[in-house]
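# Results of the structural survey
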Amino acid sequence: MNYRMIAYSVGRILVAVAATMTIPLVLSIYYGERNAAAYLIPMLISLAIGALVSIKTPKNKSFFVREGFIIVALAWIGISLIGALPFYISGQIPKYVDCFFETVSGFTTTGSSILPNVENLSKSLLFWRSFTHWLGGMGVLVFTMAIFSAKDTRTTYMMKAEMPGPIVGKLVSKWQFSARILYLMYIALTVLEIIFLLFGGMPLFDSVVHAFGTAGTGGFGIKNSSIAFYNSAYIDYVISIFMILFGMNFNIFYLMLIRKFVQIKDNEEIRWYLCIIAASAVIISLNILPMYKSFGESFRYAFFQVSSVMTTTGYSTADFAKWPMLSQMILVILMVIGGCAGSTGGGMKVVRVMILSKIMVRTIKNTASPRSVFSVKTDGKQLEASVVRGIMAYLVVYVMFAGISLIIVSLDNMDFTTTVTAVLATMNNIGPGLGVVGPAGNFAAFSPLSKVVLSVGMLAGRLEFYPILILFSPYTWKRS
């Protein structure tokens, strides 16, 4: 185990995160909020720790999968612990466990909140809260790689730990260049959404923080009624479309730039993704039609919530906990499916659901015709056995992690709907669930133990379980 390289890599990430706090610090001064210490103290702590362990480059720079996963897990836990300090030091969220929950929810782009009245937060904290979405959406490691040189690290192992989805692919030959291309596209789409929202009459500050929430598919709002506050069909559709875009694999946008449209057309995951959104939006629109004046109005709300839940963003324009049971069940299923691999969305990912469906079909065919040989293919190519095994293992881990979390959270004696959807909403990085944790509710009623468990679930879900499991596994730390 290369402990020196682990400390060095985590330290560089902490330095990068400390630098990002200068923005809310400047905003707090600009708005005359008198809480500069809430940002200065965490900045100094993060900078001191980061600089201390990364000031000298290790002589032995080699590390492998185990170290890569540990670096990512430690970095995400570290930035969450430090990122929670502005809320705590300012006194606007009195309990540190609540600050930690809110910050983990931000960085993991979950959007679950313990705040009963978000509008009481200062503007700089509202900005920091949404900015954590934007940083965590593309990945803190990707952000660090984009601004620092990554030539001295074996970044493939860390990218595998942080990038969502079962298959990790580079856009270009070098990971550092890939990270920069990803962030350029990420920034371009974010700016484009801000412009569109400004055209819709949304104030600049509101446009920026909502674009951050959409880009990271996080969903932290700055109004108690979320996007419903603006009561604008134009804003609803703009955010819906951008949520769908950010829920797509970013390789698609790169293929668009280099004009490889045939590869986009042949991408099965995108077809599944768009078809699921379209079918769900139409079915829910018809199901909730009696609650609204026209099909156009019901489609507007259904399309927004389907886009929000499918991409695991979590914004809301209606209290879908009051919709008919069919609509609620479809949304719960969409919570589990999530966005595409290589996107900022959470959930199991469309590609996994697609491949699991094909594995099921192959199993049925093999049972019906044992002498025949059937393979699992995506985009016309046969999947490697290791990828199939990895997806099956992921499903087992997913179910077991959810089961353990449900047992612990059930100690709070909440109702069944609240307990189950709270675990699913956090583990899949959605945000709101149903019942007490619905769009009109929050997670404040849970005990400190449950909040910690749900926070771990958010981190595990965002990093797709293995980095967190490896970090806390006794076997990881055994000398080999």
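A brief structural summary. Along each chain, numbering runs from 1 in the same order as the chain's sequence is written. In keeping with the predicted nature of the model, local features appear solely for residues at pLDDT of at least 70, side-chain atom pairs appear and are counted solely at 80 or more, and the whole-chain, interface and lining totals rest on all residues. Think of the side-chain values as coming from all heavy atoms in the structure, minus any hydrogens and water.

A helix here means a DSSP run of H or I that spans at least four residues, while a strand means a run of E at least two residues long, and both kinds are numbered starting from the N terminus. Check the secondary structure of the protein chain and you find 22 helices and two strands. Only protein chains enter the accessibility calculation, which uses a 1.4 Å probe. A residue is then buried if its area is under 20% of the maximum for its type, exposed if over 50%, and partly exposed in between. Residues counted as buried form 57% of the 480 residues belonging to the protein chain. Restricting to contacts in the protein chain with at least 6 residues of sequence separation, those with at least 24 account for 72%. For every accessible area listed, the method is Shrake-Rupley and the probe measures 1.4 Å; residues are considered covered only by the protein chains on display. In the structure as shown, the protein chain presents an accessible area of about 19,900 Å², 68% of it carried by carbon and sulfur atoms. By definition in these notes, contact holds between two residues if any of their heavy atoms fall within 4.5 Å.

Together, Ile 187, Val 191, Leu 192, Ile 195, Phe 196, Phe 199 and Tyr 234 give the surface a local cluster of nonpolar side chains, amounting to about 640 Å² of exposed area. Considering every element that reaches the nonpolar patch, the biggest residue donor is helix α10 (residues 175–199), with six residues. If you trace the backbone, Ile 187 turns up in helix α10. Every patch collects residues that have over 30% relative accessible area and no salt bridge, joining them within 9 Å if they carry like charges and within 5 Å if they are nonpolar side chains (Val, Leu, Ile, Met, Phe, Trp, Tyr). Note on definitions: salt bridges are taken to be side-chain nitrogens of Lys or Arg within 4 Å of carboxyl oxygens of Asp or Glu.

This part takes up the packing of helix α1 (residues 3–20) against helix α3 (residues 37–54). Where α1 meets α3, the axes come as close as 7 Å, and the angle between the chain directions of the two elements is 150°. One finds that α1 runs roughly antiparallel with respect to α3. Between α1 and α3 the crossing geometry is left-handed. Side by side, α1 and α3 meet where Arg 4, Ala 7, Tyr 8, Gly 11, Arg 12, Leu 14, Val 15 and Ala 18 of the first sit next to Met 43, Ser 46, Leu 47, Ile 49, Gly 50, Ala 51, Val 53 and Ser 54 of the second. Here the contact of α1 with α3 is composed, by residue class, of 10 nonpolar, four polar and two charged. Orientation is described by lines fitted to C-alpha atoms, with helices fitted over the stretch in contact, and by angles between N-to-C directions that extend from 0 to 180 degrees. Oblique is the label for every angle not falling under 35 degrees (roughly parallel), over 145 degrees (roughly antiparallel), or within 65 to 115 degrees (roughly perpendicular). Each crossing gets its handedness from the near helix: less than a right angle anticlockwise from the far helix is left-handed, clockwise is right-handed. The classification used treats Ala, Val, Leu, Ile, Met, Phe, Trp, Tyr, Cys and Pro as nonpolar, Asp, Glu, Lys and Arg as charged, and all other residues, Gly among them, as polar.

On to the packing of aromatic side chains. Only the six-membered ring of Trp is used, alongside the rings of Phe and Tyr, when aromatic pairs are assigned; centres must lie within 6.5 Å, and planes under 30 degrees apart are stacked while those over 60 apart are edge-to-face, with the rest tilted. Evaluation of the coordinates by the stated rule reveals 25 aromatic pairs. With 5.1 Å between their ring centres and 80° between their planes, Tyr 30 and Tyr 31 make a pair best called edge-to-face. Judged by relative accessible area, Tyr 30 falls into the exposed class, the value being 65%. Relative to Tyr 230, the ring of Phe 229 lies with its centre 5.1 Å away and its plane at 85°, an arrangement referred to as edge-to-face. For Phe 229, a relative accessible area of 44% puts it in the partly exposed group. The class of Tyr 230 is buried, set by a relative accessible area of 15%. Grouped by ring-pair contacts, the aromatic residues Phe 107, Phe 127, Trp 128, Phe 131, Trp 134, Tyr 186, Phe 212 and Phe 246 constitute a single cluster. Put simply, a charge is over a ring when the Lys NZ or the Arg CZ is close to the ring centre, within 6 Å, and near the line of the ring normal, within 35 degrees. Sitting over the face of the ring of Phe 205, Lys 123 holds its NZ or CZ atom 5.0 Å from the ring centroid. Here Arg 129 stacks its cationic end above the ring of Phe 220, 3.8 Å away from the centre of that ring.

Don't take any of this as a statement about function, it's just geometry.
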